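A closer look at the structure
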Amino acid sequence: MKSILENSKSNIQNPRLHGLRNILVMRLDNIGDVIMTSPALRAIKENLPTCRLTLMASPGGAQAAELLPWVDELLPWRVLWQDLGKLDFDPAREWELVRTLQDGKFDAAIIFTSFSQSPHPAGFLCYLAGVGLRVGESKEAGNGVLTLEVPSAPDEIHQVERNLRLIEAAGFEVYDRSLCIQIPKTAQQEAIDLLLATSSDRLSTYYNYILLNPWTSCQSRNYDSQRFAIAARQLAEVTQMPVVVTGVEKDRSKSPSLLATLGDYGIDLIGKTALSQLAALIANAKLVLTNNTSTMHIADATRTPTVVMFAGTELECQWEPRNGTSRLLRRPTTCSPCYAFTCPYQLECLDISPEEVVAAGLELINGS
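Worth saying up front: this structure is predicted, and the values here are computed from it rather than measured. (Residues numbered from 1 in each chain as written. Predicted model: local features only at pLDDT ≥ 70, side-chain atom pairs only at ≥ 80, totals over all residues. Heavy atoms only, no water.)

**So, the packing of aromatic side chains**
- One pass over the full model with this rule turns up three aromatic pairs.
- With a centroid separation of 5.2 Å and an interplanar angle of 50°, the aromatic rings of phenylalanine 115 and tyrosine 339 are classed as tilted. One end of the pair, phenylalanine 115, is in the loop between β4 (108-111) and α5 (120-128); the other, tyrosine 339, is in the loop between β12 (326-329) and α13 (354-365), with 224 residues separating them in the sequence.
- The interplanar angle of 20° and the centroid separation of 6.0 Å between the aromatic rings of phenylalanine 124 and tyrosine 127 together place this pair among those described as stacked. One end of the pair, phenylalanine 124, and the other, tyrosine 127, are both in helix α5, three residues apart, so they sit about a helical turn from each other.
- Accessibility expressed as a relative area gives 41% for phenylalanine 124, which makes it partly exposed. (Phe/Tyr/Trp six-rings, centres within 6.5 Å; stacked < 30°, edge-to-face > 60°. Helix = DSSP H or I, 4+ residues; strand = E, 2+ residues; numbered from the N terminus. Buried < 20%, exposed > 50% of the residue type's maximum accessible area, 1.4 Å probe, protein only.)

Structure (structure tokens):
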């Protein structure tokens, strides 16, 4: 097999890749969506090691860039078509984005989207900015906005494969299709320092802990937090491992009863971690308990055993972990997949007993 360097030299001769030195990659959703571009970003750099790679992401998704060493520059931007109607009418803001892309002098734009999204708004902005090669996957008929319009894949394929399929159509070779991140060494030490600062008298336990990330920003994906607490406490009692609880600061108001249930087993790091520190904590955990959110994708990239409360909002085949050891728990429902942000029913798809969570967790911890 050729080395990556040899393959890189040969791929530069690909007519579509020849002369590409300054590439814009666009993924404008959340942290997990950006993390799932990691195999594609790695492949781009393996094929074109000297290219400059700029990642354009939403302000939230941009946080993932510190875990993606292939990104040379970050362009955070809240775009109108992804903002669910929250941004006001402001044409000047859109022209500012066009000028920003013009100033970037990009040779190519690779537009990553999910099965339900169109690449054409982003493609049109790149067209106005004079980006010569504009690559995207489209369900719509060609209209000239994209210079390389890849026919849509089946909705059911995994998002990582959707991303890789797009760059393969552009001529890039892919040598590794697995999810991957790189955690900065400073973040590793900062994670240890956070644990020490929280409860230094139990330092020895921190090399064996369970990480519980019980909330998401999407109500329809949230397993009952009290059930999560009960399950985590039972696992802690059996394994004698503490439970590190993570989340963002706005989750603080939802945490009192959960932390009370965990009692002395709980270590409260809610709102205290940057994303890279969270990734370090996940990488070193013996087990992760989470919903279908970015934590699931980070755990997949770090190969950490994970129990996922996977709501009926999506098909598992579109987003599930593929590389690490995981157990996905949910109840079949007729309304799945709903792709809804708020459940109009009683979250029947997540009607899972704490005992089922404990059983799945012990299987993973014991290597069953």
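**Thoughts on the sheet that holds strand β5 (residues 133-138)**
- Read across the sheet, six strands follow the order β3-β2-β1-β4-β5-β6 without closing on themselves; strand pairing throughout is parallel. Two strands bound the open sheet, and with one partner strand each, they are β3 (73-76) and β6 (148-151). Between one strand axis and the next, the sheet turns through 20° on average, direction left out of account.
- Relative to β4, strand β1 (residues 22-27) runs parallel, the two being bridged by four bridges. Bridge assignment links valine 25 to a residue of β4, and that residue is isoleucine 110. (Pairing = 2+ DSSP bridges. Axes fitted to C-alpha atoms, helices over the stretch in contact; angles between N-to-C directions.)

**Notes on the packing of helix α10 (residues 275-284) against helix α11 (residues 294-302)**
- In contact at an axis separation of 9 Å, α10 and α11 are set at 55° when each is read in the N-to-C sense. Comparing their axes, α11 and α10 come out oblique. Every pair of crossing elements has a handedness; the one defined by α10 and α11 is right-handed. Facing Leu275, Ala279, Ile282 and Ala283 of α10, the residues of α11 in contact are Thr295, Ile298, Ala299 and Thr302. (Parallel < 35°, antiparallel > 145°, perpendicular 65-115°, else oblique. Left-handed = near helix turned anticlockwise from the far one by under 90°. Contact = heavy atoms within 4.5 Å.)

**A closer look at unusual backbone geometry**
- Omega for the peptide link from serine 336 to proline 337 comes to 0°, which places this bond in the cis form.
- Note on placement: proline 337 falls in the loop between β12 and α13.
- Positioned with a positive phi, lysine 105 is a non-glycine residue whose angle comes to about 50°.
- According to the relative accessible area criterion, lysine 105 is exposed, its value standing at 64%.
- Located in the positive-phi region is arginine 303, a residue other than glycine, with phi close to 60°.
- Structurally, the position occupied by arginine 303 is in the loop between α11 and β11 (306-309).
- Judged by relative accessible area, which is 37%, arginine 303 ranks as partly exposed.

**Considering the packing of helix α4 (residues 91-104) against α5**
- Put simply, α4 and α5 touch, their axes get as near as 8 Å, and they point 60° apart. The handedness of the crossing between α4 and α5 is right-handed. Side by side, α4 and α5 meet where Glu94, Trp95, Leu97, Val98, Leu101 and Gln102 of the first sit next to Leu125, Cys126 and Leu128 of the second.
- Split into classes, the residues belonging to the contact of α4 with α5 amount to seven nonpolar, one polar and one charged. (Nonpolar A, V, L, I, M, F, W, Y, C, P; charged D, E, K, R; others polar.)

**Some points on the sheet that holds strand β8 (residues 243-245)**
- Pairing within the open sheet is parallel, and its six strands lie in the order β9-β8-β7-β10-β11-β12. Sheet topology places β9 (266-268) and β12 at the edges, where each strand pairs with a single neighbour. The average angle at which neighbouring strand axes cross in this sheet is 20°, direction not considered.
- Sheet topology note: the strand β7 (residues 210-213)/β8 ladder contains three bridges and is parallel. Pairing of isoleucine 210 across the sheet is with valine 243, part of β8.

**What about the confidence of the model for the chain?**
- When the pLDDT values of the chain are averaged, the result is 92; 93% of them are 70 or greater.
- Low pLDDT, under 50, characterises residues 1-13; the predicted model gives this stretch 20 contacts beyond four residues in sequence or across chains. (pLDDT = per-residue confidence, 0-100.)

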